[in-house]
Amino acid sequence: MNDQTSDDEAPPATPTSAKRVKKPAQVAAAVNDLSSEIERAVERQPSDRVRCVRVFGDAYRCNWWSRSDASATASAQPEWLSSMADRIRKSCFLIAVMRDGHLVIEGVRPDRVAIPDDG
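Residues numbered from 1 in each chain as written. Predicted model: local features only at pLDDT ≥ 70, side-chain atom pairs only at ≥ 80, totals over all residues. Heavy atoms only, no water.

Chemist: An account of the overall build of the protein is needed here, citing residue identities and associated values.
Modeler: Counting its regular elements, the protein contains four helices and four strands. Shown N-terminal to C-terminal, the secondary structure of the protein runs as helices and strands in the order α-α-β-β-α-α-β-β. Looking at the protein as a whole, 18% of its 119 residues qualify as buried. Once local pairs closer than 6 in sequence are excluded, the contacts in the protein between residues at least 24 apart make up 41%. (Helix = DSSP H or I, 4+ residues; strand = E, 2+ residues; numbered from the N terminus. Buried < 20%, exposed > 50% of the residue type's maximum accessible area, 1.4 Å probe, protein only. Contact = heavy atoms within 4.5 Å.)

Chemist: Explain the pairing of strand S3 (residues 86–99) to me, and be specific about the residues and the numbers.
Modeler: Every regular strand shows the same layout, with side chains that alternate between the two sheet faces. Relative to S3, strand S2 (residues 59–67) runs antiparallel, the two being bridged by nine bridges. Following the sheet pairing, Tyr-60 is matched in S3 by Leu-94. Taken together, the six bridges between S3 and strand S4 (residues 102–107) define a ladder with antiparallel strand orientation. Looking at S4, one finds that Ile-95 is bridged to Glu-106. Counting the residues in the hairpin turn of S3 and S4 gives two residues, including Asp-100, whose phi is positive at 55°. (Pairing = 2+ DSSP bridges.)

Here is the structure:
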């Protein structure tokens, strides 16, 4: 048995950097994500910050973040400390689609909830 490699045998290649290749469904999902449009379109109170996340398909979860009363009256605080006083004032699931170039948003009723089958 010879422990040395001959010139004809190349050592196995080791990848220097791995690239993740996005599947077409992932690319389409990123293109069709309406989260930012929903955040701009929903009603809010002046102190609200709305955050919306796509859950699956056309379903989104939206949270209306607001300052608690204690943080509103507090004197100058560091940003990281004041963000700890935020609370979710409102939360809901929405169905959102683009129809004829317009954003259409519907609230999700419990009788309409259906989890997609991945199989």
